[in-house]
Amino acid sequence: MIDILALCAFNAAYAHVIDDDALEQWPAFFTENCRYRITNVENEREGLPAGIVYADSRAMLEDRIAALREANIYERHRYRHLLGLPLVLSADDTTAMACTPFMVARVMATGETLLFATGEYRDRFIRSNGKLLLAERVVVCDSTVTDTLLALPL
Amino acid sequence: MIDILALCAFNAAYAHVIDDDALEQWPAFFTENCRYRITNVENEREGLPAGIVYADSRAMLEDRIAALREANIYERHRYRHLLGLPLVLSADDTTAMACTPFMVARVMATGETLLFATGEYRDRFIRSNGKLLLAERVVVCDSTVTDTLLALPL
Amino acid sequence: MIDILALCAFNAAYAHVIDDDALEQWPAFFTENCRYRITNVENEREGLPAGIVYADSRAMLEDRIAALREANIYERHRYRHLLGLPLVLSADDTTAMACTPFMVARVMATGETLLFATGEYRDRFIRSNGKLLLAERVVVCDSTVTDTLLALPL
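Peer 1: It is not clear to me how the side chain of Glu120 of chain C should be interpreted in this structure. Could you clarify?
Peer 2: Assignment of secondary structure puts Glu120 of chain C in strand E6 (residues 113-128). Look past the residues within four positions of Glu120 of chain C in its chain and what remains in contact with it is His16, Asp20 and Arg80 of chain A together with Cys99, Thr100, Pro101, Phe102, Val138, Val139 and Val140 of chain C.

Written out as structure tokens, the structure is:
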């Protein structure tokens, strides 16, 4: 059975590649036909599907990272994810559903550190060939205000 | 024996019902004759018992939630709890004592996100009929400033 | 083998002695010939070794705590550490390498709470006589701005 420790190890590695600026490794945490969305709690409650960011394949996630690398980011910044323990909603040998709360701080080039986003991941995991992957991650932000700097993955 | 993973799963579920606005489920995490207090580190060190919030039964916690629902909350807000790993002070098959650090962000209806409270839970758990419950949770806030908005449970 | 739960329990106890103002117990988490450094991500990437704080023995850590206790701290403050799950890079029966993200809030005597530092621990653990100890902890802060109040251990 997929257990809480396996999900914790997965999430620790996921956050690490983003915060350590190894963004090219980020899409590999997802299945090929994954869904990845960033939305907020109000939109999600009203069933508005679009969200702030939307991808329905790993290839789209790879494109997103390539675009980020090519873009001029006017204000350079880093993220620091702190993830809570997953609340496991269901789990068997090959699939798991879980919610995991997060806080993300943004550290600007000036050194200024802000609590940038809070919310929860709503996840569907699958295990394929012994490897855990995200079939779906919906990033539900608590705040309804979309920050125009939303650039790095959450 | 009550182990750290059981406490982690308990705490993840506890935080989730508050942050997901399922407040009516919150009292069920406590025993019928529980104690629940919110206080701060200075008061706690000086042995001042009252604290900011005090309840000595699950029924009082239920009343508190009912009052919250009926009250006009002028400024609507959400919480996001992020809990650390429990430090297990003692544990056997039916009881455990643990300290768990927390950070709580408050997200206002305007979208503004603030680091609202930090501190630690000082907990006494019991296991009854296979179910883990809080016999006592003392929420010791690091800051001595009582926020008048302190309304949702910590 | 040193596992993730053992590292979690270690880190919970480590953070607790700092945040609970039991600083005299802090050096005992390290080996006698330990290395402890606080630096930032830019310096670390460029291989600049000095950092903001440097110690290469447990005795130096003890001296540091003694100095802190004797010093006039103009602005009294507390820390609250929230640590993420360790990313275990390698582990066997007696050693482990791991990265652990952190957020630290600083709570001033006025009650003001700020997100003070974020970053990651880069750790080398050893197990000696059944006891886990830090042979090396490099505290890599995300922000390059050195706060002159950096006084309590991270």
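Peer 1: Please clarify how helix H3 (residues 58-70) of chain A should be interpreted in this entry.
Peer 2: Residues and elements named next belong to chain A. Taking 1.5 Å per residue, 13 residues should reach 18 Å; H3 reaches 19 Å between its end C-alpha atoms and fits that length. Among the residues of H3, those classed as buried are Leu61, Ile65 and Leu68. Here the buried residues of H3 occupy an arc of 60° about the axis, which is enough to place them on one side. Facing away from the buried surface of H3 by more than 90 degrees, the exposed residues are Asp63 and Glu70.

Peer 1: So what exactly am I meant to see when it comes to the interface of chain A and chain C here?
Peer 2: Size of an interface: often given as the accessible area lost when the parts come together. Counting residues at the interface gives 21 residues for chain A and 23 residues for chain C. Across the interface of chain A and chain C, roughly 1,700 Å² is buried in total on both sides, 68% from carbon and sulfur atoms. A per-residue breakdown of the area chain A buries against chain C is headed by Arg78, Arg80 and Leu82 of chain A, which together make up 35% of the total. At the junction of chain A with chain C, the criterion picks out three salt bridges. The partner of Asp142 of chain C in a salt bridge is Arg80 of chain A, and the shortest N-O contact between them spans 2.8 Å. Viewed at the interface, chain C and chain A are joined by three residue pairs in polar contact (both at pLDDT 80 or more). Elements with a minimum of two residues in the side of chain A that touches chain C: helix H1 (4-19), strand E3 (77-83), strand E5 (95-108) and strand E6 (113-128) of chain A. A per-element tally of the side of chain A that touches chain C places H1 of chain A first, with five residues.

Peer 1: What am I meant to see in the relation of the copies chain B and chain A here?
Peer 2: Here the two chain copies are tied together by a rotation about an axis and a shift along that axis. Overlay of chain B on chain A (RMSD 0.0 Å): rotation 120°, translation along the axis 0.0 Å. Both chain copies can therefore be described as sitting about a three-fold axis. Counting the interface residues of chain B, we find that no more than 20% of their copies in chain A are interface residues as well, pointing to two distinct contact surfaces.

Peer 1: Where do I start with the interface of chain B and chain A in this structure?
Peer 2: If you look at the interface, chain B gives 20 residues, while chain A gives 23 residues. For the chain B and chain A pair, buried surface summed over both sides reaches about 1,700 Å², with 68% attributable to carbon and sulfur atoms. If you look at where chain B meets chain A, you find three salt bridges. Between the two partners, chain B and chain A, sit three residue pairs in polar contact (both at pLDDT 80 or more). Those elements giving two or more residues to the side of chain B that touches chain A turn out to be helix H1 (4-19), strand E3 (77-83), strand E5 (95-108) and strand E6 (113-128) of chain B. The leading source of residues in the side of chain B that touches chain A is H1 of chain B, at five residues. In terms of residue class, the side of chain B that touches chain A is built from 12 nonpolar, five polar and three charged.

About the thresholds
Residues numbered from 1 in each chain as written. Chains lettered and ligands numbered in written order. Predicted model: local features only at pLDDT ≥ 70, side-chain atom pairs only at ≥ 80, totals over all residues. Heavy atoms only, no water. Helix = DSSP H or I, 4+ residues; strand = E, 2+ residues; numbered from the N terminus. Contact = heavy atoms within 4.5 Å. Expected span 1.5 Å × (residues − 1). Buried < 20%, exposed > 50% of the residue type's maximum accessible area, 1.4 Å probe, protein only. Arc of directions from axis to C-beta. Buried area = accessible area lost by both parts, 1.4 Å probe. Salt bridge = Lys/Arg side-chain N within 4 Å of Asp/Glu carboxyl O. Polar contact = N/O pair within 3.5 Å; in protein donor to acceptor, adjacent residues only side chain to side chain. Least-squares fit on C-alpha atoms with pLDDT ≥ 70 in both. Nonpolar A, V, L, I, M, F, W, Y, C, P; charged D, E, K, R; others polar.

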